[in-house]
Amino acid sequence: MLDAFLAGAHQVFAFDTLIYMLIGSVAGIVAAAIPGFTVTMAIILTLPLTFAMGPLQGVSVMLSVYVGGYTGGLISAALLGIPGTPSSVATTFDAYPMARKGEPGRALSLGIWSSFFGTVISTIVLIVAAPPLALIAVKLGPWEYFALIVFALTIVASLVGNSLLRGLIAGVIGLGLATVGPDPMMGRPRLTFDADMLMAGLPFLVVLIGIFAISQLMGEVEDHGKGKGTDALIPDVIEFKTWAVMREVLMHPVNLVRSSLVGVFIGALPGAGGSIANLLAYDQAKRSSKNPEEFGKGTPDGVIASEAGNSATAGGGLIPMIALGIPGSAVDAILMAALMVHGISVGPRLIMDNADLAYGMFVAMAVASLMMLVVCVLSMRLFLRVTDIPKQFIVPTVMICCVIGAFALNNRVTDLYLLGAIGLVGYGLKSLDYPLAPLVLGVILGPIAETNLRRALMSDGDWTVFFTRPISAVLLAAAVLSVIFSVRSVLKMRKKDRPATDEQDGD
Amino acid sequence: MFRKIAVAAGLMAAAIAGPAQAQDYPEKPIEFIVPWGPGGGSDTLMRIVAQGLADETGQAVPVINMPGVGGNVGLAEFAKRPADGYTISQVHEGLLISNGTGITDLNWDSFMPIALVTSSPQYLTLSKNDNFSNFEEMVAYAKENPGAVRAGVTLAGVPHLHMAMIEDAFGIEFSYVGYEGTGQRIRALVGGNIDVAIGDVSSAGQFVENGDLVFAAVGMPERTAEAPDVPTFTELGHALDLAVTRGVVLPKGTPQDVADALEAHLETVMQNDDVRTKIQNVGSAPVFLGQDEYKAYLGKLSETVNRLVGKLEG
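Since the model is a prediction, treat every value here as computed from it, not as a measurement. (Residues numbered from 1 in each chain as written. Chains lettered and ligands numbered in written order. Predicted model: local features only at pLDDT ≥ 70, side-chain atom pairs only at ≥ 80, totals over all residues.)

(A) Highlighting the overall build of chain B. When its secondary structure is counted, chain B shows 11 helices and 11 strands. Taking 20 Å as the expected radius of gyration for a compact globule of 314 residues, we find that chain B reaches 22 Å, a close match to that expectation. If you line up chain B on its principal axes, its C-alpha atoms span 85 × 40 × 30 Å. The buried share of chain B, reckoned over its 314 residues, is 54%. The contacts of chain B with a sequence gap of at least 6 include a subset with a gap of at least 24, amounting to 73%. (Helix = DSSP H or I, 4+ residues; strand = E, 2+ residues; numbered from the N terminus. Rg over C-alpha atoms; globule rule 2.2 N^0.38 Å. Buried ≥ 20, exposed ≤ 12 C-beta atoms within 10 Å, placed from the backbone. Contact = placed C-beta atoms within 7 Å.)

This is the structure in structure tokens:
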């Protein structure tokens, strides 16, 4: 084992590999920082380049794009209030208010360090426990997936903002939007009204960009017109305090480790991924916090939970891939393809047959996270320059990036019309003080829930299986408890806030 | 001024030369629309072919992924592209099935088939279970307990067709569970959530080697080099051809000389050792059938699909 470890490390620490990895890291961060461009896109672009490299070298470069990408989304989330990637939705909740309060440097540093520790923790879990965790992940059937998604849906309660009723409505709208297009089992069109535009459904990323980016940008324009905001998005002098922030992150060890483990677990489940992990980690942090009312107003705990949670899915996703040859996400599937082109069969025998490669990938993960840290810390000042640019330049530029990104996703022009329409809906909902995160959660979770429910009933027509399979039963019980807990805390909070609140829904 | 004259002269020359001279083809990059998402079988194989074609012709061949509705979104877009040889695409059995089940009006003859380039042999793969451990036992068990064997397939997709062919030939009945993609099916098979599925060497080979799964039969005329111990369906009593075959197509109406030129380029690409090795590495076989043979092949396949399509609509 040590031999293989050293052989792998030897290849990763070659000078040219390190240079390529550095470039990959920068590319991943930049791609993810631009709203509308995703990590997956960056990795697809790197794929043909790795054909010419050795297998470990190629995979190392792709891993550094991957790790960089899970951090880059933080930058636009903190500075613009727009998630750069689907996995940084929860980062906007607290990093953006913190930046607005005049601490953009602290928000970025917090996110970067949390991402770094999240990746490191996930890599450790990957090295220590990959085979047993992968075996558990593979045993989970459609019943467990459905129960998990039901549990995940209950976190809407943490995301509702000012009104539980409006939050739930937003969640239901999201679930509804997700049913448009071909049904996930048979490919039969639903709610498409024979329109070509709706034939392929509403792609999740188009919804995400439309809902968050377009509505946020329109909001900026509106503020500007009213003379409410200043010219630059974030005023004030910027302080980084890189090392002080590192200590601050380490002062929240429970949150950091819990969020990372949530990320590892969700990442290891094929098909779930970073877009759920950040929200789930945020929810867990908020529930166990002594001051849940501070979430959403710029608390460091929120930033740490979201960023550690999403970054840890990188290592988590590699667990089933390295242990069993089963990709945890689209990105892992591309990594596998890159290995297979070189004649390496990826499967349960990878660690035995190609030990140096497997251990080399562990080393590469560690190196990639260090590189991400160095690149981010050094370039933070540059990214913060964004805040010096007047709004009339930054808003149209970001808008153009969003449109290009939405198009590049599937190369369909009709997606752009959808983007516009969804953007308007998002703006309308936001103006009416509807929270947007539950809507996005509904769009993410709806299809997974439907697919697994139908799959479970096709496998066995008996409903009771959901309660007789132990893991499924535990998850469903957790969902019930979660709802009870949320209702209780809403009631408690309402009692506490009653004199001050302007609640008008009567819900 | 000079620049303007030069441009005008160039335009005139182009006008005189007429559209798409075959000996010049290709004189600019060729867009390759792959109607599937990145990372899948079609994407990986077609990227290898695209790279080979770019090396052969000296023109870039960028791959554009246009996924959605089982490949039909990309093909619908492709059908609208100019028929000049500078946009090419790829089809496999899935298109014929989508047409048969009424999901799309497009069929293989809505395009100009140019060359069949890869063929991925498919294996009937069994999970480890108490009821059967080889093909004969599985058939016997399924005959005794109709519908008890759970088969993981992409509903109304190629694996569904392959399973229906097995049902039809051996007189048995599966109950179907919908999964998306080979990776998901193999995972469910390893986890014991389904009993049989169609798999291939690249996704299931190591599980078979490890003893977690069993290859019961291969849908090729002869045993494969990768799994020489696995019997063919012909040996087991019925000649079934279960393969996913991918070929390059042009929009209908492309000039014949351009089609011939592309066919010739692809023939050279498919003889390239590097391309062949890469295709084998990802678990497929490099092949080459030219325009006429490929059309004949698709025509015959279409008959099989239409015969069994009723089974796929349930």
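Having seen it, we continue.
(B) Inspection of the confidence of the model for chain B at higher detail. Residue and element names in this part refer to chain B. Here chain B averages 89 in pLDDT, while 92% of its residues score no lower than 70. Averaged pLDDT values over the elements of chain B bottom out at 47 in helix α1 (residues 2-17) and peak at 97 in strand β5 (residues 123-127). Low confidence marks residues 6-20, where pLDDT is under 50. Its contacts with residues over four positions away, or in another chain, come to 6 contacts. At the level of chain-chain contacts, confidence expressed as ipTM amounts to 0.82, with global pTM at 0.86. (pLDDT = per-residue confidence, 0-100.)

(C) Focus on the pairing of β5 of chain B. All names here are of chain B. When you tally the buried positions in β5, you get 5 out of 5 residues, the bulk of the element. Of the two faces of β5, the one holding Tyr123, Thr125 and Ser127 and the one holding Leu124 and Leu126 are both buried throughout. Bridge count between β5 and strand β8 (residues 196-199): 4 bridges; the pairing is antiparallel. Its bridge partner lying in β8, Leu126 is registered against Val196. (Pairing = 2+ DSSP bridges.)

(D) Seen up close, the packing of helix α6 (residues 104-139) of chain A against helix α13 (residues 300-324) of chain A. Residues and elements named next belong to chain A. The interhelical angle for the contact between α6 and α13, taken along N-to-C directions, is 30 degrees, at an axis separation of 5 Å. Every pair of crossing elements has a handedness; the one defined by α6 and α13 is right-handed. When its residues are assigned to classes, the contact of α6 with α13 shows 24 nonpolar, 11 polar and 1 charged. (Axes fitted to C-alpha atoms, helices over the stretch in contact; angles between N-to-C directions. Left-handed = near helix turned anticlockwise from the far one by under 90°. Nonpolar A, V, L, I, M, F, W, Y, C, P; charged D, E, K, R; others polar.)

(E) Layout of the sheet that holds strand β4 (residues 111-121) of chain B. All names here are of chain B. If you walk across this open sheet you meet the 6 strands as β2-β1-β3-β10-β4-β11, and the pairing is mixed. The open sheet has two edge strands with one neighbour each: β2 (63-65) and β11 (285-289). Direction aside, the axes of adjacent strands within the sheet are offset by 25 degrees on average. With respect to the sheet, helix α3 (residues 72-79) is in contact with β1 (31-34), β3 (87-91) and β10 (243-251), its orientation differing from that of β3 by roughly 145 degrees. Relative to the sheet, helix α10 (residues 273-281) contacts β4 and β11, its axis offset from that of β11 by approximately 125 degrees.

(F) Broad picture of helix α14 (residues 330-341) of chain A. An ideal rise of 1.5 Å per residue puts 16 Å on 12 residues; α14 of chain A measures up with 17 Å between its terminal C-alpha atoms. Of all 12 residues in α14 of chain A, 12 are buried; the element is thus mostly enclosed. The set of residues buried in α14 of chain A consists of Ala330, Val331, Asp332, Ala333, Ile334, Leu335, Met336, Ala337, Ala338, Leu339, Met340 and Val341 of chain A. Turning to α14 of chain A, the residues buried within the fold contact α3 (39-50), α4 (55-80) and α13 of chain A together with α2 (41-57), α8 (201-210) and α10 of chain B. (Expected span 1.5 Å × (residues − 1).)

(G) Quick peek at the domain arrangement of chain B. Residue and element names in this part refer to chain B. Parsing chain B into structural domains produces domain 1 (28-120 + 244-312) and domain 2 (123-218). Centre-to-centre, using C-alpha coordinates, domain 1 lies 27 Å away from domain 2. Facing 14 residues of domain 1, the contacting portion of domain 2 comprises 12 residues. Only α4 (93-100) and α11 (291-312) provide two or more residues apiece to the side of domain 1 that touches domain 2. Considered class by class, the residues forming the side of domain 1 that touches domain 2 number 6 nonpolar, 6 polar and 2 charged. (Domains from an automatic or database assignment.)

(H) Just the environment of Met361 of chain A, in detail. All names here are of chain A. Here Met361 lies in helix α16 (residues 355-384). C-beta crowding within 10 Å serves as the criterion here: with 26 such atoms nearby, Met361 is assigned to the buried category. As for Met361 and Phe117, which are separated by 244 residues in sequence, their C-alpha atoms are 18 Å apart. Excluding residues that lie within four positions of it along the chain, Met361 makes contacts with Val59, Leu63 and Ile322.

(I) Molecular detail of unusual backbone geometry. With an omega of -5 degrees, the peptide bond between Tyr25 of chain B and Pro26 of chain B qualifies as cis. Note that Pro26 of chain B resides in the loop between α1 and β1. Look at Asp194 of chain A: it is not a glycine, yet its phi comes out positive at around 60 degrees. Structurally, the position occupied by Asp194 of chain A is in the loop between β2 (189-190) and α9 (204-226). With 7 C-beta atoms packed within 10 Å, Asp194 of chain A lands in the exposed category. You will see that Ala156 of chain B, though not glycine, has its phi angle at about 55 degrees, which is positive.

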